[in-house]
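# Fold and geometry: a report
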Amino acid sequence: MEDNDRVNGDLNANMDCQSTGDPQLDKAVHQWLAWDRNRRTRAQLDSLVAAGHLEDLRSRLCSRMSFGTAGLRAPMGAGFNRINDLTIIQSTQGLYAYLCRYFADFSSRGLVVGFDTRGQEESGCSSERLAKLTAAVMLSRDVPVHLFSSFVPTPYVVYWSNGAQIASPHDKEILRSIEQELEPWSASCWDQELVDHSSLRTDPLTQINSCYMDELASLCFHRGLNSSCPLKFVHSSFHGVGHDFVQQAFRVFGFAPPIPVPEQKDPDPNFSSLRCPNPEEGESVLELSLLLAEKENARIVLATDPDADRLAVAEKCGWKVFTGNELGALLGWWMFFNWKESHPDPTDTQNVYMLATTVSSKILQAFARIEGFRFEETLPGFKWIGNKIHELSKTGNRVIFAFEESIGFLCGNMVPEKDGVSSAVVVAEMAAYLHNKNLTLSQQLHNIYQTYGYHVAKTSYVVCNDPPTIQKIFSRIRNFDGDGSYPKSCGGVQIVHVRDVTTGYDSSRPDLTSVLPVSRSSQMITFTLQNGVVATLRTSGTEPKIKYYTEFCAAPGKRSADPPVLEEELQKVTAALLDEFLEPEKNNLVPRLA
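A brief report on the enclosed structure follows. These numbers were taken from a predicted model, which means no experiment stands behind them. Along each chain, residue indices are assigned from 1 in the same order as the chain's sequence is written. Local features in this predicted model are restricted to residues whose pLDDT is 70 or higher, and side-chain atom pairs enter the listing and the counts only when it is 80 or higher, whereas totals over whole chains, interfaces and linings include all residues. Processing note: side-chain calculations cover all non-hydrogen atoms of the structure and skip hydrogens and water entirely.

### Focus on the sheet that holds strand 13 (residues 352-357)
- Any two strands with at least two DSSP bridges between them are considered paired. Numbered from the N terminus, helices here are DSSP runs of H or I no shorter than four residues, and strands are runs of E no shorter than two. As summarised here, the arrangement of the 4 strands in space is 14-13-15-16, forming an open sheet in which the pairing is mixed. This sheet does not close on itself; its edge strands, each paired only once, are strand 14 (374-378) and strand 16 (408-411). Across the sheet, the mean angle separating the axes of adjacent strands is 20° when strand polarity is ignored.
- Across 4 bridges, the pairing between strand 15 (residues 398-404) and strand 16 is antiparallel. Of the residues in strand 16, the one forming a bridge with Glu404 is Gly408. The axes are straight lines fitted to the C-alpha atoms, using for helices just the contacting stretch, and the angles between their N-to-C directions are given from 0 to 180°.

The following block contains the structure:
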């Protein structure tokens with residue numbers, strides 16, 4: 001083992017560390033120091049104790065990570081409520097215990113482990129290191145491990161046996177198992193080098209990459225057109241894993257490779273050239289990409305996030321950065337357009353589905369009403385979409401497109417997960433096809449809205465660092481006009497339906513029960529207004545945020561549906577939603593930075 005893994009001297013020698021004055025916190029500190037073998041995270045904790053940072057210590061030690069919309073997520077650093085060597089070992093031990101109970105053949109089928117490029121130097125953590133520790137725990141129990149030898153996009157790594165992210169009830173049962181397996185089993189669990197000499201470790205990289213690229217070809221509909229495409233594309237991988245895989249994907253489709261942003265092409269866990277490594281933030285984080293596109297006279301900018309499962313797109317027409325909902329409309333149109341080309345019989349649409357999360361645009365629903373295919377909504381988070389795809393496939397149905405507004409897209413059904421790599425090259429082909437028809441992406445989006453109805457949306461959030469305040473806000477909404485009475489209007493517009501997924505209530509249904517699964521661990525209330533606006537308030541699964549989503553859904557061909565008028569009306573309702581229901585000033589809510 002590396003020096004980083006060694007504990008100098010007797011573990012019990014640290015039991016005499018300085019008291020915090022809080023017996024419960026002292027117990028948690030002592031427990032951490034007794035188990036942790038990473039000298040950097042131990043030093044972090046020692047310094048917090050010495051400095052008397054009690055609230056920070058309580059935040060790190062007096063609670064544990066839980067499943068949000070996408071797995072166990074937390075900042076890296078010392079503590080039971082952070083990502084680090086110890087919590088990864090604990091989580092893997094719990095996962096092992098649960099999988100052994102759930103799958104009789106687990107010890108022969110094994111576990112797939114992948115990693116990306118993220119890390120934190122001060123805690124000695126990196127995604128690769130944590131992947132090797134995960135593998136070490138499994139190998140210490142003679143479980144085969146399929147550990148990728150290099151970083152890969154998230155969609156390359158399956159989650160549950162159906163390929164979808166872990167959802168209820170497995171998430172809760174895994175957490176219970178983790179709680180029962182907190183003490184590291186043995187020194188082998190800390191041995192990163194175990195993966196290098198165990199016969200139970202295999203490397204699936206070559207096989208999976210080959211299979212992925214072979215299947216990706218099924219999404220290519222106009223290869224001949226692509227090979228002669230005059231458009232230039234710029235791609236940023238945001239210092240993550242995407243560069244090589246997007247380059248390969250473009251070759252599969254017959255394109256010349258996109259021009260990489262040189263400052264962001266290579267892995268960098270510090271994301272040195274970015275103020276925020278999230279392409280969802282839009283133009284403010286695409287500055288280098290747009291500058292390069294101007295220099296190279298490129299029409300389209302593509303940006304994948306660090307683990308390459310999300311995609312941002314900008315087009316040169318004064319540089320429009322498309323929202324997730326706008327890209328969902330374009331990709332949904334494109335996938336059905338090409339599907340219909342090869343399936344001219346209208347009856348073939350009966351088993352075709354598109355999916356979207358309930359906080360995403362209703363544009364796919366408008367497509368479905370006119371085109372005759374099926375549409376379903378899920379709770380926020382691609383884990384719900386992935387599991388719905390699996391459920392529908394068992395009855396002979398086929399999902400040809402799914403998306404969430406937070407720039408997560410799945411074209412076809414290669415993997416039951418959002419996929420920035422395949423989405424990037426599909427957008428490129430769509431842009432090339434439209435260019436051949438003398439159309440831009442923006443013009444085609446306008447055509448879609450004229451055909452299916454304008455859908456104008458706004459998505460943002462406010463920050464609230466006080467959980468009791470969040471509870472108070474949502475309790476007030478549920479008792480707005482007296483006990484158990486929701487608001488009847490917003491900004492002077494009548495509310496015609498209320499759906500509260502937290503409680504399972506839906507006023508639009510005869511039995512007043514929501515068809516979406518009840519999710520009591522988070523807050524989410526949706527209001528449908530008389531003027532066609534749909535507005536949702538929900539808490540984030542991983543951050544101290546209240547998110548809000550509003551959308552004006554106009555009827556197809558409606559002459560009065562002038563976009564500026566719709567946007568003005570939507571802005572009024574959005575402002576009223578915040579002021580009347582969230583009361584930002586009274587509750588000290590911090591607006592999103594522009």
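Structure shown, so let's carry the discussion forward.
### Considering the packing of helix 4 (residues 85-102) against helix 6 (residues 127-140)
- Interhelical geometry of helix 4 versus helix 6 gives an angle of 40° and a closest axis separation of 9 Å. Taken together, helix 4 and helix 6 sit at an angle that is classed as oblique. Judged by the twist between their axes, the crossing of helix 4 over helix 6 is right-handed. For the pair helix 4 and helix 6, contact is made by Asp85, Ile88, Ile89, Thr92, Gln93, Leu95 and Tyr96 and by Arg129, Leu130, Leu133, Thr134, Val137 and Met138, respectively.
- Under the scheme applied, nonpolar residues are Ala, Val, Leu, Ile, Met, Phe, Trp, Tyr, Cys and Pro; charged residues are Asp, Glu, Lys and Arg; polar residues are all the others, including Gly. Along the lines of polarity and charge, the residues of the contact of helix 4 with helix 6 split into 8 nonpolar, 3 polar and 2 charged. The cut-offs work like this: below 35 degrees is roughly parallel, past 145 is roughly antiparallel, 65 to 115 is roughly perpendicular, and the gaps in between are oblique. Two helices cross in a left-handed way if the nearer one is turned anticlockwise from the farther one by less than a right angle. They cross in a right-handed way if the turn is clockwise. Whether two residues are in contact is decided by their heavy atoms: any pair within 4.5 Å suffices.

### A closer look at helix 6
- One fewer than the residue count of a helix, multiplied by 1.5 Å, yields its expected span. Helix length check: helix 6, at 14 residues, gives a terminal C-alpha distance of 20 Å against a target of 20 Å (1.5 Å per residue), a fit within 8%.
- Remark: exposure states derive from per-residue accessible area (1.4 Å probe, protein chains only) relative to the maximum for the residue type, with buried under 20%, exposed over 50%, and partly exposed in between. Within helix 6, 11 of the 14 residues are buried, leaving the element largely enclosed by the surrounding structure.
- Every buried residue of helix 6 is listed here: Ser127, Arg129, Leu130, Ala131, Leu133, Thr134, Ala135, Ala136, Val137, Met138 and Leu139.
- In the stretch just after helix 6, Asp142 is the one whose phi turns positive, near 60°.

### Examining the nonpolar core
- For this analysis, a nonpolar core means a set of buried residues of the types Ala, Val, Leu, Ile, Met, Phe, Trp, Tyr and Cys, connected via side-chain atoms within 4.5 Å. If you look at the biggest cluster of nonpolar residues, it comprises 118 residues, and the most contacted ones within it are Phe233, Leu441 and Phe527.
- At 11 residues, the largest contribution of residues to this core is made by helix 16 (residues 420-436).
- Judged by nonpolar contacts, the second largest core, of 48 residues, contains Val29, Ala136, Leu182 and Trp190.

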